[in-house]
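# Coordinates in review
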Amino acid sequence: MNRLSKENSAYLRHASDQKIDWYPWSDEAFLKAGSEDKPVFLSTGAVWCHWCHVMAKESFEDEDVASILNEKFVCIKLDRDERPDIDRRYQQAVSAMGSGSGWPLSVFLTPDKKPFFGGTYFPPEDSFGRPGFKKILTAVSEFYRTRRSYVNDYSVKVISFLKEKPSVSGKANIKSIDDAVSKIMNEFDPVNGGFGSSPKFPMPGAIGFLMNRYFFTKDELLGNAVKKTLLSMSAGGFYDQLGGGFHRYSVDESWTIPHFEKMADDNAWLLKNYADAYSLFKDARFREIAEGIINFIKEILSDPEGGFYASQDADVSPDDEGGYFLWKDDELRNILDDEEFKVLSLYFLNKQGAMHHDPSKMVIKLWMTQQDMAWKTGLDISRISDIIRTGKSKLLSERQLRVMPFIDKAMYTSINGMLISSLLNAYKILHDTEIRDLAIKSLDKIMLRHYKNGELCHIEGVKALLDDYIHIIDALISAYEVTSLRSYVSLAEEIMNVCIDRLWDSENGGFFDSADSLLDIRIKGIEDMPHPSSNSIAVILLMKLYHITEDEKYKSYADSSLKYFSVKAQELGIHSAYYFIALDASFNMLKLTIQTLPDSELAKSALSVFRPYKSIVFGDDNRCIIPCIGNTCFEPIADPVGLENFIEIKFKN
């Protein structure tokens with residue numbers, strides 16, 4: 001038994017029975033390494049990570065590996081979800097060494113925490129062109145013992161390379177918005193939808209940015225790119241066709257085979273994309289997928305008392321990657337009647353969706369449209385639709401009898417903020433009060449648990465990071481927009497002021513990711529990785545707080561961030577798409593002062609109508625809405641049709 005059995009992290013507890021003398025991240029571990037003159041082996045990963053489970057089974061449960069680690073190293077296990085700040089710095093270090101990045105991360109440190117060698121997954125023996133872990137451990141230990149001066153010098157060079165270099169500030173130029181559109185469209189895949197090649201991530205910031213620009217320009221190339229991407233993703237194995245919700249990413253270009261973990265943060269951002277797309281394009285398929293994501297969140301990730309869990313694992317067993325979500329032809333034949341099997345085997349199964357480890361098991365993907373199915377089978381399309389609905393219900397019921405992959409019930413402030421904001425956005429569009437009530441109950445619970453005496457935490461025992469501050473502020477402002485309760489604004493202001501005090505770079509602008517400076521490295525990023533950057537989201541929140549409170553300091557901070565990150569964002573292109581959403585908002589934000597009750601038809605219309613960059617402010621009950629953009633305000637609007645007409649005809653670029 002090692003020291004991990006009483007840790008809060010499920011990932012760490014899963015390693016508590018290994019024969020490795022694991023420490024959690026702690027001063028104790030590094031003091032031990034110093035006193036015994038040993039290097040530190042740091043393994044970071046997550047409970048949802050397939051290859052983390054593989055390496056655990058192959059190497060960490062191997063007695064020879066455990067013996068080498070215990071003899072020659074001090075070993076630390078880290079949960080990257082619990083301490084993303086630590087993981088982020090060592091990911092950058094290993095990447096700088098030319099060894100890639102990802103999970104599991106395997107990095108070797110000096111007793112003063114400096115990295116000198118690392119990689120990701122190592123097999124126990126040499127295979128697939130990768131050196132075996134046993135060989136690595138022996139070589140690293142010997143190198144550390146005999147080449148100490150080189151180790152020390154090299155680790156110092158790595159740290160020096162990683163230290164934040166101030167970006168060159170530029171201008172928040174409206175022309176760069178068009179340039180960003182061009183760069184993103186150059187990466188669009190017109191055949192499969194999405195951006196780039198494999199592995200393929202959904203890039204919700206890029207999707208949202210193109211959607212917003214389509215609203216202003218009505219450029220059908222942008223609208224079609226968004227629709228193609230959203231429809232292709234939702235037709236693939238990347239989407240859970242039975243239970244709703246998306247997996248983490250696709251290993252291929254066509255969204256067929258996913259990495260099977262299902263993450264709360266991924267689904268929060270994709271819910272926003274699909275709900276917004278339904279509001280903009282009125283395509284019922286987008287509403288269906290949004291409701292599927294909501295169902296997954298409610299059924300799998302929701303705590304009955306409020307709050308949301310972090311993830312669902314990819315596997316029940318590392319030997320059967322994604323097995324819970326896979327199907328054999330014979331399984332469908334046994335579960336469905338003849339007509340259902342005829343239709344659903346064509347609709348869902350194809351050998352192109354076969355898994356490499358067991359070709360008899362296939363990912364469910366929509367291989368045909370229902371119209372094509374009707375033509376191929378000779379059945380009426382309404383009959384096809386009925387068969388698919390009943391067949392899916394049978395398959396889902398059968399799947400629920402299987403052993404479900406592990407659910408990480410950790411409640412991180414940042415992830416809860418994302419989900420609450422996204423659910424409240426969906427409520428505005430879908431008008432489902434159950435969604436609103438779930439989100440508000442969860443927000444109140446997280447604030448009660450994670451915000452005490454002016455201190456916000458990431459999770460119990462871990463200080464808040466920038467992601468926590470920004471996403472919970474987003475949730476609080478979203479709650480104000482659907483309830484009109486000023487108390488949510490007061491809390492948002494309070495937390496934003498703490499965030500500014502602790503994380504704002506007063507010399508250059510922008511927010512650091514953490515108040516701590518591990519390895520004397522402070523990170524201040526604008527990159528979507530692949531989720532939207534917190535620095536970009538912060539700009540929009542600062543602008544909203546300026547509109548709500550009329551406090552000029554918030555606008556000043558927003559403007560400063562836009563200028564500071566402008567050059568870097570242009571260099572990153574698609575990987576800073578959300579920066580360009582923030583920049584676009586700075587020119588096009590529409591302030592709607594709602595002078596009516598939040599549950600009135602007029603207020604609901606203001607919340608639901610698609611118009612990028614709306615800032616909602618509640619005023620006296622005069623039964624009207626006053627729209628303003630910049631320093632210009634327009635005639636009060638007294639009915640929903642008038643508001644829709646106003647938004648339709650005004651401010652098109």
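What counts and what doesn't
Residues numbered from 1 in each chain as written. Predicted model: local features only at pLDDT ≥ 70, side-chain atom pairs only at ≥ 80, totals over all residues. Heavy atoms only, no water. Salt bridge = Lys/Arg side-chain N within 4 Å of Asp/Glu carboxyl O. Helix = DSSP H or I, 4+ residues; strand = E, 2+ residues; numbered from the N terminus. Buried < 20%, exposed > 50% of the residue type's maximum accessible area, 1.4 Å probe, protein only. Disulfide = S-S within 2.5 Å. Core = buried A, V, L, I, M, F, W, Y, C linked by side-chain atoms within 4.5 Å. Contact = heavy atoms within 4.5 Å. Pairing = 2+ DSSP bridges. Expected span 1.5 Å × (residues − 1). Axes fitted to C-alpha atoms, helices over the stretch in contact; angles between N-to-C directions. Parallel < 35°, antiparallel > 145°, perpendicular 65-115°, else oblique. Left-handed = near helix turned anticlockwise from the far one by under 90°. Polar contact = N/O pair within 3.5 Å; in protein donor to acceptor, adjacent residues only side chain to side chain.

What follows concerns the pattern of salt bridges. Throughout the structure, instances matching the rule amount to 42 salt bridges. Notably, a salt bridge pairs K175 with D179, separated by 3.1 Å at the nearest N-O pair. You can see K175 and its partner D179 sitting in helix 8 (residues 175-186), 4 residues apart, about one turn around the helix. Since its relative accessible area comes to 31%, D179 is described here as partly exposed. Among the ionic pairs, R287 bridges to E291, the shortest N-O distance being 3.0 Å. Remark: E291 and R287 occur in helix 12 (residues 284-301); sequence separation between them is 4 residues, near one turn of the helix. One connected set of salt bridges, linked through shared partners, spans D62, D64, E125 and K134.

Okay, the state of the cysteines next. Defined simply, a disulfide is a covalent bond joining two cysteines at their sulfur atoms. For the structure on display, the rule yields 2 disulfides. Between C49 and C52 runs a disulfide, and the two sulfur atoms are separated by 2.5 Å. On the sign convention where negative means left-handed, the S-S torsion of about 80° between C49 and C52 marks this disulfide as right-handed. The disulfide that involves C628 links it to C633, with 2.0 Å between the sulfurs. The sign of the 105° torsion about the S-S bond sets the C628-C633 disulfide as right-handed. In the protein chain, the bonded cysteines, numbered by position in the sequence, are linked as 1-2, 3-4. C628 supplies the cysteine sulfur nearest to C624, a cysteine that is in no disulfide, at a spacing of 11 Å. Since its relative accessible area comes to 11%, C624 is described here as buried.

This part takes up the nonpolar core. One finds Y274, M496 and F511 to be the most contacted residues of the largest nonpolar core, which totals 139 residues. For M496, the contacting residues outside a window of four places in its chain are I470, I473, F511, L541, L542, L545 and Y554. Counting residues in each nonpolar core, the second largest holds 33 residues, with A15, F116, F122 and V140 among its members.

A separate point is the environment of F565. Among the secondary structure elements, F565 is positioned in helix 22 (residues 552-572). Sequence separation between F565 and K171 is 394 residues; the distance between their C-alpha atoms is 9.2 Å. When residues no more than four places from it in sequence are discounted, the contact partners of F565 are G510, K524, G525, I526, N535 and Y579.

Where burial is concerned, most of strand 2 (residues 40-45) is hidden: 6 out of the 6 residues are buried. Burial along strand 2 is two-sided: V40, L42 and T44 facing one way and F41, S43 and G45 facing the other are all buried. Note that strand 2 and strand 3 (residues 74-79) share 6 bridges and pair parallel. Note on strand 3: the bridge partner recorded for V40 is V74. Across 5 bridges, the pairing between strand 2 and strand 4 (residues 105-109) is antiparallel. If you follow F41 over to strand 4, its bridge partner there is F108.

With 14 residues, helix 9 (residues 204-217) should reach 20 Å at 1.5 Å per residue; the first-to-last C-alpha distance of 20 Å fits that figure. Burial runs high along helix 9: 13 of the 14 residues are buried. Positive backbone phi, at 55°, marks K218, one or two positions downstream of helix 9.

This next bit is on the packing of helix 14 (residues 338-348) against helix 15 (residues 370-377). Contact geometry of helix 14 with helix 15 gives a least axis separation of 11 Å together with a crossing angle of 130°. By the angle between their axes, helix 14 is oblique relative to helix 15. In this structure, helix 14 meets helix 15 at a crossing whose hand is right-handed. Where helix 14 approaches helix 15, its residues K342, V343, L346 and Y347 are matched on the opposing element by Q370, M373, K376 and T377.

This part covers the sheet that holds strand 11 (residues 354-355). Strand order in this open sheet of 3 strands is 10-12-11, and the pairing throughout is antiparallel. Pairing within the sheet leaves two strands with one partner each, and these edge strands are strand 10 (326-327) and strand 11. As paired elements, strand 10 and strand 12 (residues 358-363) share 2 bridges and run antiparallel to each other. Of the residues in strand 12, the one forming a bridge with W327 is M362.

It is worth spelling out the side chain of S514 at this point. Position of S514 among the secondary structure elements: in the loop between helix 20 (486-503) and helix 21 (534-549). Here D516 takes part through its backbone nitrogen, which lies 3.1 Å from a polar atom of the side chain of S514.

Going from S198 to P199, the amide bond is cis rather than trans, its omega being -10°. Cis geometry is adopted by the peptide bond preceding P530, which originates at M529 and carries an omega value of -15°. Looking at the element boundaries, P530 is found in the loop between helix 20 and helix 21. For N453, which is not glycine, the phi torsion reads 55° and is therefore positive. Positionally, N453 belongs in the loop between strand 14 (451-452) and strand 15 (455-459).

Turning to the sheet that holds strand 19 (residues 624-629), a few remarks are in order. The 4 strands are arranged 18-17-19-20 in an open sheet whose pairing can be described as mixed. Two strands in the sheet have a free side with no partner beyond their single neighbour: strand 18 (614-618) and strand 20 (632-633). Two strands pair when backbone bridges link them, and strand 17 (residues 590-595) and strand 18 are joined in this way by 5 bridges, in the parallel orientation. Within the sheet, the bridge partner assigned to T593 lies in strand 18 and is V617. Along the sheet face, helix 21 touches strand 17 and strand 18 and points at about 30° away from the line of strand 18.

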